[in-house]
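# Chains, contacts and geometry: an overview
Here are the chains, one letter per residue:
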Amino acid sequence: MAQLTLSVNGTPHSLDIDPDTPLVWVLRDHLGLTGTKYSCGISECGACTVLIDGTAERSCTMPVSDAVGTEITTIEGLAGTDLHPLQKAWIEGEVPQCGYCQPGQLMTAAGLLNRNPNPSEEQIVAEMSGVLCRCGTYLRIKKAVAKVAKGGK
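In this report, we go over the structure that sits alongside the text.

## A closer look at the pairing of strand S3 (residues 49-52)
Look at any regular strand and the pattern is simple: side chains alternate between the two faces of the sheet. Here S3 shows a buried face lined by Thr-49 and Leu-51 and a second buried face lined by Val-50 and Ile-52. For S3 and strand S4 (residues 55-58), the ladder comprises four bridges, and the chain directions are antiparallel. The partner of Val-50 across the bridge, within S4, is Glu-57. With two bridges connecting them, S3 and strand S5 (residues 71-73) associate as antiparallel partners.

In structure tokens, the structure reads:
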């Protein structure tokens, strides 16, 4: 066990925890931020995606010690006082069905737009294809990301 301090959604958290604990379990079990989902445990499905310093990262295989000194943003912290433009586009485009992958989808899209505010359709498809959606809402996801990239709020 070690005393680690994490900054999550702009709030510092001091935890006495095994440094090798996957970040997803720290977020869910220790901080109560259950929006970040666990699914595959091998960084393949994307359900556990969070932003680390604005970049989309898989939290199921990231040791919590690797996140010390960074700003972690979870789905709970994506919005400020109003919904994030991506969340608005998701609602308007009726993207979610079962919803399980949606936090990972949204965080992946946010990471893409942080890195490239005006991605091409091909770039959106390539980035978003890394997050698995069993309901198959990929077309709606692509349209919602493209809408925000084009300035649609």
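## Describing the packing of helix H5 (residues 121-128) against helix H6 (residues 138-149)
Running from N to C, H5 and H6 point in directions that differ by 125 degrees, and their axes come no closer than 10 Å. In terms of axis orientation, H5 runs oblique to H6. In the packing of H5 onto H6, the handedness of the crossing is right-handed. Contacts from Glu-121, Ile-124, Val-125 and Met-128 in H5 reach Ile-141, Lys-142, Val-145 and Ala-146 in H6. Split by residue class, the contact of H5 with H6 holds six nonpolar, no polar and two charged.

## Details of the pairing of strand S1 (residues 2-8)
In the sheet, S1 pairs with strand S2 (residues 11-17) via seven bridges, with the strands oriented antiparallel. Within S2, the position partnered with Ser-7 by the bridge is Pro-12. Hairpin connection between S1 and S2: a loop of two residues separates the two successive antiparallel strands, and Asn-9 in this loop has a positive phi of roughly 55 degrees.

## Quick notes on the nonpolar core
One finds Leu-86, Trp-90 and Val-145 to be the most contacted residues of the largest nonpolar core, which totals 21 residues. Contributing elements (two or more residues each) for this core: helix H2 (75-78), helix H3 (85-92), helix H4 (102-115), H5 and H6. Those residues in contact with Val-145, other than ones at most four positions away along the chain, are Leu-86, Trp-90, Ala-109, Leu-112, Leu-113, Ile-124 and Met-128. Formed by 16 residues, the second largest nonpolar core is a distinct cluster that contains Val-8, Ile-17, Leu-27 and Ile-52.

What counts and how
Residues numbered from 1 in each chain as written. Predicted model: local features only at pLDDT ≥ 70, side-chain atom pairs only at ≥ 80, totals over all residues. Heavy atoms only, no water. Buried < 20%, exposed > 50% of the residue type's maximum accessible area, 1.4 Å probe, protein only. Helix = DSSP H or I, 4+ residues; strand = E, 2+ residues; numbered from the N terminus. Pairing = 2+ DSSP bridges. Axes fitted to C-alpha atoms, helices over the stretch in contact; angles between N-to-C directions. Parallel < 35°, antiparallel > 145°, perpendicular 65-115°, else oblique. Left-handed = near helix turned anticlockwise from the far one by under 90°. Contact = heavy atoms within 4.5 Å. Nonpolar A, V, L, I, M, F, W, Y, C, P; charged D, E, K, R; others polar. Core = buried A, V, L, I, M, F, W, Y, C linked by side-chain atoms within 4.5 Å.

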